[in-house]
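Residue-level structure breakdown
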Amino acid sequence: MSGDFSIGRRCRPLLCASLIAAISTPFAASGALANPQLMSEVDSQAATEVSYANFQQWLQDFRQYAAGQGISEATLRKALDGVRYRERVIELDGYQPEFVRPIWEYLDTAVSSTRINNGREKLADHRHTAQQMQQRYGVPAEIIVAIWGIESNYGSNFGDFSTLESLATLAYDGRRRDFARGELLAALRIIDQGDIAAEQMKGSWAGAMGHTQFIPSSFEAYAVDGDGDGRRDIWGSIPDVMASTANYLARAGWQASQPWGAEVRLPEGFDYAQTERRSSAEWRSQGVQAQQGELPNFASAAIVIPAGADGPTFLVGANFRAILRYNNATSYALAVATLGDAIAGRDGIQHNWPRDQAPLTRDDVQELQRTLNRVGYSVGGADGIMGPNTRQGLRNFQRDQGLIPDGFATQELLERLRQRSQ
Ligand SMILES: [Ca+2]
């Protein structure tokens with residue numbers, strides 16, 4: 001999935017629960033690897049490691065293991081003969097951007113006017129298919145098209161890495177070897193089933209495949225045959241692409257006829273520390289109002305403030321959470337939601353983003369975390385990522401300083417923390 005805004009962004013959908021069964025070393029999985037974005041947390045529990053002299057030796061062992069898992073000899077030959085170690089994959093796996101990219105910059109690219117216009121054209125070209133999938137799965141046509149636009153720029157950019165080479169390289173030498181091993185085995189099962197030929201299984205360096213950018217385990221769990229030819233083809237069949245996307249969102253809890261959310265205005269004195277979900281009625285009683293029109297009627301909705309109190313604010317329901325299951329980043333979900341709105345001709349975000357805020361580097365965020373820890377707001381390890389713990393610690397610090405506790409990190413706040421810790 002494209003964009004590269006959040007950490008781990010290219011590791012794909014989260015719902016897959018394709019546990020590798022307990023097996024003999026060296027390919028034993030270290031645990032449930034359903035969520036690639038959590039992988040860094042389980043890396044430390046890596047299974048017994050066996051060193052290999054080289055990639056080919058590793059591949060030979062893996063091949064034997066895969067045969068033991070029921071992969072046919074013909075598939076192993078077609079899929080693994082000639083598979084090369086790709087240094088580029090390891091380079092990309094190790095890349096960490098220096099700056100934490102502001103959400104507005106990500107959205108400028110992800111929801112550009114070109115992307116919107118192309119989305120409208122794609123929807124016009126494939127209206128019948130999109131509407132058919134809307135009817136079948138309850139996911140609006142413009143959301144199906146928006147995911148397509150964000151994931152692979154409508155199929156024009158899904159990556160031309162061999163998924164097998166990417167995953168074999170990552171399984172041998174990557175940061176998440178157990179995970180990549182499980183995905184490589186899933187890729188072999190897909191080829192074994194006849195959904196796609198080995199040489200046509202293409203995608204991102206991280207193993208996200210085709211127009212929908214499903215990793216193999218997500219493909220196994222969620223890809224569907226939309227055109228009825230008996231194969232699930234997310235590389236070449238638009239009906240399969242649209243059906244698979246809609247099926248994924250439906251299974252992730254999409255509620256037909258509900259909007260994803262709405263931009264809202266918060267009342268003076270709003271308690272920013274509220275991170276719980278509440279009904280629209282409860283939010284309304286606190287003075288939360290829609291930026292335009294009426295608040296959507298949600299049984300359970302959260303207030304999302306992606307760029308602090310000076311930026312736009314949103315009330316989001318179950319469908320926003322469903323989009324997050326595709327990729328667990330607020331920026332991503334907002335991009336899909338607002339691209340969908342734009343494709344359907346609805347207004348975009350009204351409130352301005354705080355574009356004058358200088359972005360924080362990873363080092364800045366680490367310093368912020370270390371300093372918060374030092375002055376008594378425990379946020380856990382200083383990993384340079386603004387996660388929920390860091391935001392909560394920051395909110396507590398802001399509140400104690402008499403500031404609006406929006407949990408949004410700025411250079412100004414970092415400076416204030418530096419002074420405080422001296
Ligand atoms: Ca098909």
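Residues numbered from 1 in each chain as written. Predicted model: local features only at pLDDT ≥ 70, side-chain atom pairs only at ≥ 80, totals over all residues.

By the naming in an unreviewed UniProt entry, the protein goes by Lytic murein transglycosylase and is assigned to Vreelandella boliviensis LC1.

Let us look at the overall build of the protein. Across its full length, the protein carries 18 helices and 6 strands. The buried share of the protein, reckoned over its 422 residues, is 44%. Sequence-distant contacts in the protein: of pairs separated by 6 or more residues, those separated by 24 or more amount to 68%. (Helix = DSSP H or I, 4+ residues; strand = E, 2+ residues; numbered from the N terminus. Buried ≥ 20, exposed ≤ 12 C-beta atoms within 10 Å, placed from the backbone. Contact = placed C-beta atoms within 7 Å.)

What follows concerns the environment of asparagine 319. Among the structural elements, asparagine 319 can be located in helix α14 (residues 318-326). Once the C-alpha coordinates of asparagine 319 and alanine 337 are considered, the two residues, 18 residues apart in sequence, prove to be 9.2 Å apart. With residues near it in sequence (within four places) discarded, asparagine 319 still touches Trp254, Gln255, Gln258 and Trp260.

All right, on to the nonpolar core then. Membership of the largest hydrophobic core comes to 103 residues, with the highest contact counts inside it found for Ile144, Ala187, Leu315, Ala335 and Val336. Setting aside anything within four residues of it in sequence, one finds valine 336 in contact with Ile143, Ala146, Ile147, Ile150 and Ile323. (Core = buried A, V, L, I, M, F, W, Y, C linked by C-beta atoms within 7 Å.)

For the rest of this paragraph, the subject is helix α15 (residues 330-343). Helix length check: α15, at 14 residues, gives a terminal C-alpha distance of 20 Å against a target of 20 Å (1.5 Å per residue), a fit within 8%. By the criterion of burial, α15 is predominantly enclosed, with 13 of the 14 residues buried. (Expected span 1.5 Å × (residues − 1).)

Moving on: the packing of helix α4 (residues 87-94) against helix α9 (residues 163-173). Axis angle and axis distance: for two packed helices, these are the angle between their axes and the distance between the axes, and together they describe the pair. One can describe the packing of α4 onto α9 by two numbers: an axis separation of 9 Å at closest approach and a directional angle of 65°. Classified by chirality, the crossing of α9 by α4 is right-handed. Every residue of α9 that contacts α4 at Val89, Ile90 and Asp93 is listed here: Ser166, Thr169, Leu170 and Asp173. For the contact of α4 with α9, the class distribution of residues is 3 nonpolar, 2 polar and 2 charged. (Axes fitted to C-alpha atoms, helices over the stretch in contact; angles between N-to-C directions. Left-handed = near helix turned anticlockwise from the far one by under 90°. Nonpolar A, V, L, I, M, F, W, Y, C, P; charged D, E, K, R; others polar.)

On to the environment of leucine 249. Mapped onto the secondary structure, leucine 249 falls in helix α12 (residues 238-251). With 24 C-beta atoms packed within 10 Å, leucine 249 lands in the buried category. The spatial distance from the C-alpha of leucine 249 to the C-alpha of isoleucine 143 is 9.6 Å, given a sequence separation of 106 residues. Setting aside its immediate chain neighbours within four residues, leucine 249 contacts Val139, Trp254 and Ala322.

Here the protein averages 89 in pLDDT, while 88% of its residues score no lower than 70. Considering only residues more than four positions removed or in separate chains, one finds that residues 1-48, a stretch of pLDDT under 50, has 115 contacts. (pLDDT = per-residue confidence, 0-100.)

It is worth spelling out the sheet that holds strand β5 (residues 302-304) at this point. Here we have 4 strands laid out as an open sheet, ordered β4-β3-β6-β5, and antiparallel in their pairing. Each edge of the open sheet is held by one strand with a lone partner, namely β4 (289-290) and β5. (Pairing = 2+ DSSP bridges.)

For the rest of this paragraph, the subject is the pairing of strand β6 (residues 313-316). Alternating positions in β6 separate into two faces, Thr313 and Leu315 on one and Phe314 and Val316 on the other, with burial throughout. Strand direction decides the pairing type here: strand β3 (residues 261-265) and β6, joined by 4 bridges, are antiparallel. Within β6, the residue paired with glycine 261 across the bridge is valine 316. Across 3 bridges, the pairing between β5 and β6 is antiparallel. Bridge pairing links isoleucine 303 to leucine 315 in β6.

The subject of this paragraph is the packing of helix α3 (residues 73-80) against helix α10 (residues 177-193). Close contact between α3 and α10 brings their axes to 10 Å; oriented N to C, the two are set at 115°. The crossing of α3 and α10 is right-handed. Taking contact as the criterion, the partners of Thr75, Lys78 and Ala79 in α3 are, on α10, Leu188, Ile191 and Asp192. Across the contact of α3 with α10, the residue classes break down as 3 nonpolar, 1 polar and 2 charged.

So, about helix α6 (residues 113-125). Taking 1.5 Å of rise per residue, the 13 residues of α6 would be expected to cover 18 Å, and the 18 Å separating its terminal C-alpha atoms lies within 8% of that figure. Listed as buried for α6 are Gly119, Lys122 and Leu123. Mapping the buried residues of α6 onto a view down its axis gives an arc of 100°, with all of them on the same face. α6 presents Ser113, Thr114, Asn117 and Ala124 as exposed residues on the side facing more than 90 degrees away from its buried surface. In this structure, the buried side of α6 is in contact with α7 (127-137), α8 (141-152) and α15. (Arc of directions from axis to C-beta.)

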